[in-house]
Amino acid sequence: MRPIASLAASWRSRRAFRVAAELDGRRWGDALWRSVSPRSLAELQIGVDARIVDVRGADSLRLRLLEMGFVPGTAVRVIKCAPFGDPLELRLRGGHISLRAAEAGWITVDPELGDPP
Amino acid sequence: MNAATSTATSRPREPLRLALIGNPNVGKTSLFNRVTGARQRVGNYAGVTVELREADLRAGLRAELGEGRSVTIVDLPGTYSLTPIAEDEAVALRGLCGERVGDGERPGRKPPDAVILVLDATNLARNLYLAVQVIELGRPMVIALNMIDVAAEAGLEIDPEVLSRELGVAVIPTIGRTGEGHYALVRAALLAAKGEVSPTPTLIALRQRLLAGCGEAGVDGALASLAGVASPVAARSLLGARAAGTIELLGASPEVVAAAEAIDRDVALDAASALAIDRYREVDRLVAEFGLGRHRALGGDGASTSSAPAMDRSERLDRALTHRVLGLLIFVAVMALLFTSIFAWAEPAMGLIEELISWLSGGARGLLGEGIFTDLVVDGVIAGVGNVLVFIPQIGLLFLFVGLLEDSGYMARAAFLIDRLMAKVGLHGKAFVPLLSGFACAIPAIMGTRTISSWRDRLVTILMIPYMSCSARLPIYVLLIAALFPAEEAVGPFNIGGLILLGMYLLSTISALVVGAIYKRTILRSPTPPLVLELPPYRLPRLRNTLLLVYDRTMDFVRQAGTVILAMTVVLWALLSFPKPPAPVDAPSTGPTIEAVSAVDPAEAAEAAIVHSFGGRVGLAIEPVLTPMGQDWRIGIAILGSFAAREVMVSTLGLVYGIEGADDDDRPLREELETAENDDGGRRYTPLGGLALMVFYVYACLCMSTVAVVRRETRSWRWPIFMFLSMTIFAYIAAVAVYQVGLLLGYR
């Protein structure tokens, strides 16, 4: 139930941003998203380039994320999310990595600093 | 480094040892298979279950290189880092340090004479992290820059000479598919191993810079507290292990462990994290400053295609393969194919093996004549060998599929697609394929759990698999349904037998998932493993590697689990054949007439023998225990017999009823069960009793091969015994509950 609800919510919000973007005449969503950046990687829109600013995580998760290349300053982009709404597919350091939203939530990103990863 | 090289040169008879290390999916095992001969040895370190494979350098290659000494190559587990967060990394680290970490030159396995680091040329920005860690260790090393052809195709600018110059390490470009560069690679590795290459100033400087640390006070303090017991390099590994809580995986001595445990975990975590960030700083510098892995046509077309060129083709494929609708459909189709293959395609081969065994049995009987020794050979040993061989087609097919899927890169996508559902149980997406395979047969499925890297999760999956209703339970369900439930009865459009069969499969699946969720939260409590899963570029699978994997797994099963299965078959045969009944049965050699012989019906003789045997007596003795679940002693004997393999239940029950060959054609047995009456004239087997017995078979771990293979995979008797007892007790309770509740509700 929950994934469907959250998918619906994210779709609705994307539409809202698209509308906002049309009004703004810029890439959809940019204006609104930028007003709240930085944010967690789990909330990053699909296809938006961002840069990692902070990585936290309980126990050894932080260490594992860092070792997999999620270090501050690295460019990242969400490619897609899996059919059931989780996990996410990310592009990072020229390769693709999958993270669950719960883990991606520990990573703070800033879309304003985004370059293509 | 010096100590290692000097011992290597002073004792020329000792083989040179090379260690292969690299990220997963870089073609490391493929390289290993190419440069070594077929004879691989499997070993493992104390305290860890991850295995290492080692083999000698191919004789031809050695001769070509003019190397007089024998050369052993160790294939370490594929890993992204050497910080021992999980077993894979710990084993790789120990492989590079000489078994124990932090004990200096204390006895243990000698560290390798040289390290061959395999890097994926298409993915340097990630691969160089491991390279930096290997450089920190300071062993003599060479780098194989693999898949250089793929990188060139993707338009990546990779110059091995630039990399070699900047790292100060010999870099040999290789192409895994053709074997190009392997000769030069081994030659360079041998030179390094013999200490004929002195470290370049660049390498020394780089290493010094890395070991100087990041200048953070916390890191230096934590490292300083380990200085007394470990070298600066080992101290870094110990710090990582302390941060991850995995000190026990390193095989270090008690003093070292105590010193590491004395460091506050949070301090260790911060320090290890700072070290990781520091290493990536070095990696980023290498990548950025020297343009390693930059796209040749940079700035040409759109930014989105040139930023991960090696992934371009994969991303296009993934538009279908991980699409939210199409991707799931393809996933279901692939899994259905995998499942069908072990369920159905293995059937002809298994039939062939069974025929071969029965032909052998017949031959042996003819050769040896009748007697106890013949029975031992035929019903014990040959049957035992058959019980082992019969699994080979299923194991082979499963690993053929798993190998091809893994190699192609699809397996990671499968885990990606299904992870959301597996996470509900508390498991990783990778646990899905072994669990699904459990529907066909628990043996290959349990062996297939090796892809799961967390030991606890692997154990949970192993304990879940026997609950999945395997194909050996099917003949039992079919026999009982056909005998006890009228074929014409239906609920709506559905046949009652079909519904019961469906019910058994549902019951087993739900039970497996519930059991897994419970174990995950109780005895094997551990957080849901993080899914930090690389989705590698799709590649054409290398059949040669997969076939080697199939061969390897099959031989491993035959050697390790097969011996236990064989022994258990012999024991079971003895239980069901001794003591012999008092023998009036012997066909009188003087008996002149046909009638005298036919009076002693061989089927009846077999019936008498099994009832009289030790197993038969146990069956009789446990009848009071079986009554509450609606069964009698005959079923008791059949249950004992089915420990050999569940489907043997049918033939054992046949023996009890004096019916030969019940496993080939169960119709006479079916009729017997249908019409059998108790002394009071009531039906001996009721539908309710049949249902209870089916539920018993859903849960009971009546399969010695499963027990044997769990012992092999967990390397102790503890878990198989736990599994056997818990499942059997639970099966009994469930069957009694079904029967008693059924009676209360007025069913018969």
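Colleague: Help me understand the side chain of Asn123(B), please; the structure alone is not making it clear to me.
Modeller: Looking at the element boundaries, Asn123(B) is found in the loop between β5 (114–120) and α5 (124–137). Beyond its immediate sequence surroundings of up to four residues, Asn123(B) is in contact with Arg93(A), Gly95(A) and Glu534(B).

Colleague: Honestly, the environment of Glu103(A) in this entry has me stumped. Any pointers?
Modeller: Inspection of the secondary structure assignment puts Glu103(A) in helix α4 (residues 101–104). Residue classification places Glu103(A) among the buried positions, given a relative accessible area of 5%. Spatially, the C-alpha atoms of Glu103(A) and Arg56(A) are 9.4 Å apart, while their sequence positions differ by 47 residues. If we ignore the near neighbours within four places in the chain, the residues touching Glu103(A) are Leu61(A), Leu65(A), Pro529(B), Pro530(B) and Leu531(B).

Colleague: Hey, could you run me through the packing of helix α23 (residues 474–484) of chain B against helix α31 (residues 648–656) of chain B in this one?
Modeller: Think of two packed helices as two axes; the pair is described by the angle between the axes and how far apart they sit. Residues and elements named next belong to chain B. Where α23 contacts α31, the two axes come as close as 8 Å, and the packing angle between them is 50°. Between α23 and α31, the crossing angle belongs to the class labelled oblique. Listed contacts from α31 to Pro-475, Ile-476 and Leu-479 of α23 are Met-649, Val-650 and Leu-653. Its residues placed into classes, the contact of α23 with α31 shows six nonpolar, no polar and no charged.

Colleague: Is there a simple way to explain the state of the cysteines in this structure?
Modeller: When the sulfur atoms of two cysteines share a covalent bond, that bond is a disulfide. Residues and elements named next belong to chain B. With the rule as written, the count across this model stands at zero disulfides over all chains. Summary of cysteine pairing: Cys-701 is not part of a disulfide, and the nearest cysteine sulfur, belonging to Cys-703, is at 6.6 Å. Since its relative accessible area comes to 0%, Cys-701 is described here as buried.

Colleague: Would you mind going over helix α33 (residues 687–699) of chain B with me for this structure?
Modeller: Two residues of an α-helix separated by three or four positions point the same way, owing to the 3.6 residues in each turn. All names here are of chain B. A rise of 1.5 Å per residue sets the reference length of α33, with its 13 residues, at 18 Å; its end C-alpha atoms lie 19 Å apart and thus fit the reference within 8%. Among all positions in α33, only Leu-688, Gly-689, Gly-690, Ala-692, Leu-693, Met-694, Val-695, Phe-696, Tyr-697, Val-698 and Tyr-699 are buried. On the buried face of α33, the contacting elements are α23, α24 (496–521), α30 (633–641), α31 and α35 (718–744).

Colleague: I would appreciate a short explanation of a negative patch on the surface in the present structure.
Modeller: A cluster of acidic residues, Glu347(B), Glu354(B), Glu355(B) and Glu647(B), forms a negative patch at the surface. Structurally, Glu347(B) is set in helix α16 (residues 326–368).

Colleague: In this structure, what is going on with the side chain of Thr79(B)? I would like to understand it.
Modeller: Residues and elements named next belong to chain B. As for its position among the elements, Thr-79 is in the loop between β4 (71–75) and α4 (87–97). Engagement of the side chain of Thr-79 in a polar contact is seen with the backbone oxygen of Ser-81, the distance being 2.7 Å. Here Thr-79 is in contact with Ile-21, Gly-22, Asn-23, Pro-24, Glu-89, Ala-92 and Leu-130, once residues within four sequence places are set aside.

Rules and cut-offs
Residues numbered from 1 in each chain as written. Chains lettered and ligands numbered in written order. Predicted model: local features only at pLDDT ≥ 70, side-chain atom pairs only at ≥ 80, totals over all residues. Heavy atoms only, no water. Helix = DSSP H or I, 4+ residues; strand = E, 2+ residues; numbered from the N terminus. Contact = heavy atoms within 4.5 Å. Buried < 20%, exposed > 50% of the residue type's maximum accessible area, 1.4 Å probe, protein only. Axes fitted to C-alpha atoms, helices over the stretch in contact; angles between N-to-C directions. Parallel < 35°, antiparallel > 145°, perpendicular 65-115°, else oblique. Nonpolar A, V, L, I, M, F, W, Y, C, P; charged D, E, K, R; others polar. Disulfide = S-S within 2.5 Å. Expected span 1.5 Å × (residues − 1). Patch = residues over 30% accessible without salt bridge, like charges linked within 9 Å, V, L, I, M, F, W, Y side chains within 5 Å. Areas by Shrake-Rupley, 256 points an atom, 1.4 Å probe, with all protein chains shown as cover. Salt bridge = Lys/Arg side-chain N within 4 Å of Asp/Glu carboxyl O. Lys, Arg positive; Asp, Glu negative; His and termini not counted. Charge placed at Lys NZ, Arg CZ, Asp CG, Glu CD. Polar contact = N/O pair within 3.5 Å; in protein donor to acceptor, adjacent residues only side chain to side chain.

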